[in-house]
Amino acid sequence: MTAHQTIGEPVFPAETLARIDSLYPSQAGLLHHRLRDHPLLSLEALAALGEGMPAGQVEYNPGDVPIGIKPEDVPSNGLSIGETIRTIDSNRSWAVLKNIETVPNYRTLLMDLLGELKSVVEPRTGAMLTPQGFIFISSPGSITPFHFDPEHNILLQLRGTKVMNVWPAGDERFAHRIEHERYHTGGHRNLPWDEAYRDGAQQVPLAPGDAVLVPVMAPHFVANGDAPSISLSITWRSEWSYRESEAHAANAALRRLGLDPQMPPRWPSYAWAKTVGWRIARKLRLVS
């Protein structure tokens, strides 16, 4: 229970579920939630969480980085993850705690939230697979660089404000098929940036109590407001999202053979032969 919930009250009100039903899975849009002031999501609780996580589950760096920075160019902020979170008000940094579902109390929180969404999600894309949670802690003015992600994602804003800038998934004007192929064969999530992209963005301002639905592989960057921010990202995969990933990986294999395959359709059931072929090739170890 939080300071903004009563016992038995859902985090996602009925109007939010109706909104998700109208958007999911292909459109981004503003949502609302009641998850605020949760004891597991205080700065001290998050600092302790980060300190107990393996190094591979935490990422943190200066927050005043370019929108299109290359991953190898991201500098260190010179702090530990605990120091970064505890002094986030003034250290001009950005941090993410990954896969919080590996910690029992946080897994319970994540699964409770995802459980509220099943009635609108599963009729569209089937079972909610591979549930994962990510917590973002950002200093004023921080930037999360331009990138995309393979999960269905709802980002809940808990403290501070930010603007989610998101572009249509599958639109090669903003993320060429080769970028998808690179990512789905082990490349980094960050994307090349061009200032001309700004005119194509859907801007979704977020304050505490707001959330945003971000479709699978929709390019986006996040600009933090003038106060420290905490956000919780709840994500899941679907058979549909896995098929899309496999279709891009299969295209990468075809490209290495000298072909120029087309961008897979957004609904990968139409690319079924390609995804099945990729799965067979992996089992036979014909591709890595």
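Residues numbered from 1 in each chain as written. Predicted model: local features only at pLDDT ≥ 70, side-chain atom pairs only at ≥ 80, totals over all residues. Heavy atoms only, no water.

> It is not clear to me how the side chain of T16 should be interpreted in this structure. Could you clarify?
Assignment of secondary structure puts T16 in helix α1 (residues 14–23). Residues contacting T16, with those up to four places away along its chain left out, are L31 and H32. (Helix = DSSP H or I, 4+ residues; strand = E, 2+ residues; numbered from the N terminus. Contact = heavy atoms within 4.5 Å.)

> Is there a simple way to think about the nonpolar core in this case?
General note: in soluble globular proteins, nonpolar side chains tend to be found buried as a group. Of all hydrophobic cores here, the largest spans 42 residues; its most connected members are L35, L46, L97, L117, I135, I154 and I234. Among all residues touching I154, those that are not within four sequence positions of it are I20, L31, L117, A211, V212, L213, L232, S233, I234 and W236. (Core = buried A, V, L, I, M, F, W, Y, C linked by side-chain atoms within 4.5 Å. Buried < 20%, exposed > 50% of the residue type's maximum accessible area, 1.4 Å probe, protein only.)

> Explanation requested: α1 in the structure shown.
Because each turn of an α-helix spans 3.6 residues, side chains separated by three or four positions end up pointing in the same direction. By the burial criterion, the buried members of α1 are T16, L17, I20 and L23. For α1, the angular spread of the buried residues around the axis is 125°, confining them to a single face. Exposed positions of α1 whose direction lies more than 90 degrees from the buried face are A14 and E15. Packing partners of the buried residues in α1 comprise β1 (29–32), α5 (118–125), β6 (152–159) and β9 (210–214). (Arc of directions from axis to C-beta.)

> I keep staring at the pairing of strand β10 (residues 220–224) and nothing clicks. Help me out?
Looking along a regular strand, one sees the side chains alternate between the two faces of the sheet. Counting buried residues in β10 gives 4 out of 5 residues, a clear majority hidden from the surface. Note: strand β5 (residues 143–147) against β10, 3 bridges, orientation antiparallel. What sits directly across from T144, in β10, is V222. For strand β7 (residues 162–166) and β10, the ladder comprises 5 bridges, and the chain directions are antiparallel. Looking at the pairing, V163 lines up with A223 of β10. (Pairing = 2+ DSSP bridges.)

> Would you mind going over the pairing of β6 with me for this structure?
Of all the 8 residues making up β6, 7 are buried; the element is thus mostly covered by neighbouring parts of the structure. Relative to strand β11 (residues 229–237), β6 is paired through 7 bridges, and the arrangement is antiparallel. Paired with I154 across the bridge in β11 is I234.

> I would appreciate a short explanation of the sheet that holds β5 in the present structure.
Either a parallel or an antiparallel arrangement is found when strands of a sheet pair, and the pairing is made through backbone hydrogen bonds. Ordered in space as β5-β10-β7-β8, the 4 strands form an open sheet in which the pairing is antiparallel. A single partner strand is all that each edge strand has here, and the edge strands are β5 and β8 (202–206). With strand direction ignored, the average angle separating the axes of adjacent strands in the sheet is 15°. (Axes fitted to C-alpha atoms, helices over the stretch in contact; angles between N-to-C directions.)

> Looking at this structure, I do not really get unusual backbone geometry. What am I missing?
As a rule of thumb, non-glycine residues mostly have phi less than zero, and peptide bonds are mostly trans rather than cis. The step from Y24 to P25 runs through a cis peptide bond, and the omega angle for that step is 5°. Mapped onto the elements, P25 comes out in the loop between α1 and β1. Of note, the phi angle at T130 is positive, near 50°, even though the residue is not glycine. Phi at M217 takes a positive value of approximately 65°, unusual for a residue other than glycine. Mapped onto the fold, M217 is located in the loop between β9 and β10. By relative accessible area, which is 1% here, M217 ends up buried.

> Quick question: what am I supposed to make of the packing of aromatic side chains here?
A ring pair, where both rings are aromatic, is described by two values, the distance of the centres and the angle of the planes. Tallied over the entire structure, the rule returns 12 aromatic pairs. A centroid spacing of 6.0 Å and a plane angle of 35° characterise the contact between Y24 and W236, whose relative ring orientation is tilted. Of this pair, Y24 sits in the loop between α1 and β1 while W236 sits in strand β11, and the two are 212 residues apart along the sequence. Here Y24 and W236 have matching classes, each one buried. (Phe/Tyr/Trp six-rings, centres within 6.5 Å; stacked < 30°, edge-to-face > 60°.)

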